[in-house]
Amino acid sequence: MPDSTLSSLTVLITGATSGIGNETARQLAERGATVLLHGRTAEETRAAADRLIATTGIPESRLALYSADFAHLEEVERLAAAIVARHPHLDVLVNNAGTAAPERHTVTADGNEIAFQVNFLAHYLLTCLLEPALTSDPGGRVVSVSSALHRTASIRWADPHRARRYSRLAAYAQSQLALTVFAADPRVTAVSVHPGVCDTALLPLYAHEGVSPAEGAAHVVRLCDPAVEIVNGAYYDRDERVDPAPAATEGRTIRRLNKLADLLVGRTA
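None of the values given here were measured: they were computed from a predicted structure. (Residues numbered from 1 in each chain as written. Predicted model: local features only at pLDDT ≥ 70, side-chain atom pairs only at ≥ 80, totals over all residues. Heavy atoms only, no water.)

> An account of helix α4 (residues 114–134) is needed here, citing residue identities and associated values.
Most pronounced at Cys128, the bend in α4 amounts to some 35°, and the proline Pro132 follows within four residues. The buried fraction of α4 is high, at 17 of 21 residues. (Bend = angle between axes of the 7 residues up to and from the residue. Helix = DSSP H or I, 4+ residues; strand = E, 2+ residues; numbered from the N terminus. Buried < 20%, exposed > 50% of the residue type's maximum accessible area, 1.4 Å probe, protein only.)

Written out as structure tokens, the structure is:
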């Protein structure tokens, strides 16, 4: 049933082929939003769209399909260019795509530790490149799906790729802290949210059981709704605004992370 506050929205969701991203896409499209589905491959994205259409009756016209493998920053750049060309105004970007850090230390073709790149650097680059579309009209916002695990993390400034003493949990937590810090960057209205421990592919990092992806997605959808007032840079634990880890709101940390991210994604300030 279309919802008046969401029916005019255009929302891009990264990692929309499964888990929380897919449920967020479903809930937003059912309420009338135009949803840009992103998946790692064109095949995965098409299959996810077909499932949504078949199971919900969402008209195909409400979905647009995009693919990019976030382990390749060149593909992120292509994705952003294609979106800006077709959607010069974007209301919401949901930075949701995520990967559990692998057991073994893994570096992408771009030279970055894979969890740091897929979970944070790709989203950093995408957000920067989509900034003109997000700010073309007041009210555009970014919702980054983070994790309570960011509280256990530190950014290893001298070794962000964790080549020394690699731990998959520490690598994943670092990527989530970086994403949470980035939400406090004032360039674009942005928030980060821990949607609860959900029964998705990332569950083994947290616990043995979790709530359904639909329940987690509802917290993301709420923050996409322009009728819901958000505090720029805030961190939400499900529906409640709470303080993130202290590092996440430090001006010095935000500036330092931006500098590091610009360097690693090849952007010149």
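Picking up where we left off.
> Tell me about the nonpolar core, and please be specific about residues and values.
The biggest cluster of nonpolar side chains holds 46 residues, and the ones touching the most others in it are Leu12, Phe70, Phe120, Leu126 and Leu130. Elements represented by at least two residues in this core include exactly β3 (63–67), α3 (73–86), α4, α5 (168–183) and α7 (251–265). Of the residues forming this core, the biggest block, 12 residues, is contributed by α4. Setting aside residues up to four positions removed in sequence, Leu126 forms contacts with Leu12, Thr14, Phe70, Val76, Leu79, Ala80, Leu93 and Asn95. The next biggest cluster of nonpolar side chains, apart from the first, holds 30 residues, and it includes Val191, Val220, Leu223 and Tyr236. (Core = buried A, V, L, I, M, F, W, Y, C linked by side-chain atoms within 4.5 Å. Contact = heavy atoms within 4.5 Å.)

> Any details on the side chain of Arg141? Residues and values, ideally.
With respect to the helices and strands, Arg141 occurs in strand β5 (residues 141–145). Within the buried set, Arg141 has no salt-bridge partner at all; the shortest N-O distance to an opposite charge, 6.7 Å, is to Asp225. Of note is the side chain of Arg141, whose polar atom sits 2.6 Å from the backbone oxygen of Leu223. For Arg141, the side chain forms a polar contact with the main-chain oxygen of Asp225, separated by 3.2 Å. (Lys, Arg positive; Asp, Glu negative; His and termini not counted. Salt bridge = Lys/Arg side-chain N within 4 Å of Asp/Glu carboxyl O. Polar contact = N/O pair within 3.5 Å; in protein donor to acceptor, adjacent residues only side chain to side chain.)

> Which residues make up unusual backbone geometry, and what are the values?
Of note in the backbone geometry, Arg162 takes a positive phi value of approximately 50° without being a glycine. The exposure class of Arg162 is buried, given its relative accessible area of 4%. With a phi angle near 50°, Arg165 is a residue other than glycine that sits in the positive phi range. Summarising the element assignment, Arg165 is placed in the loop between β5 and α5. A relative accessible area of 69% places Arg165 in the exposed class.

> A description of the environment of Gly15 should follow, citing residues and the corresponding values.
Residue position: Gly15 is located in the loop between β1 (10–13) and α1 (19–30). Looking at Gly15, the relative accessible area reads 18%, which means it is buried. Sequence separation between Gly15 and Ala25 is 10 residues, and the spatial gap between their C-alpha atoms is 9.9 Å. Apart from residues lying up to four places away in sequence, Gly15 is in contact with Gly21, Asn22, His38, Asn96 and Ala97.

> Can you break down the environment of Ala42 residue by residue, with the values?
By the secondary structure assignment, Ala42 is in helix α2 (residues 42–56). Each C-alpha atom of the pair Ala42 and Asp69 lies 9.9 Å from the other, and the pair is 27 residues apart in sequence.

> Which residues make up the pattern of salt bridges, and what values do they have?
In this structure the tally under the stated criterion is 12 salt bridges. The closest approach of N and O atoms between Arg46 and Glu60, which form a salt bridge, is 2.8 Å. Pair noted here: Arg46 is in helix α2 and Glu60 is in the loop between α2 and β3, with a separation of 14 residues, a long-range link. Between Asp159 and Arg156 there is a salt bridge, with the nearest N and O atoms lying 3.3 Å from each other.

> Residues and numbers for the sheet that holds strand β4 (residues 92–95), please.
Across the sheet, 8 strands lie side by side as β3-β2-β1-β4-β5-β6-β7-β8; this open sheet has mixed pairing. Single-partner strands in this sheet number two, and they are β3 and β8 (240–242). Here the average twist between neighbouring strands, direction ignored, is 25°. By the bridge criterion, 3 bridges tie strand β6 (residues 190–194) to strand β7 (residues 235–237) in an arrangement that is parallel. Across the sheet, Val193 pairs through a bridge with Tyr236, a residue of β7. Of the strands in this sheet, β1, β2 (34–39) and β3 touch α1, which is tilted by about 170° from β1. (Pairing = 2+ DSSP bridges. Axes fitted to C-alpha atoms, helices over the stretch in contact; angles between N-to-C directions.)

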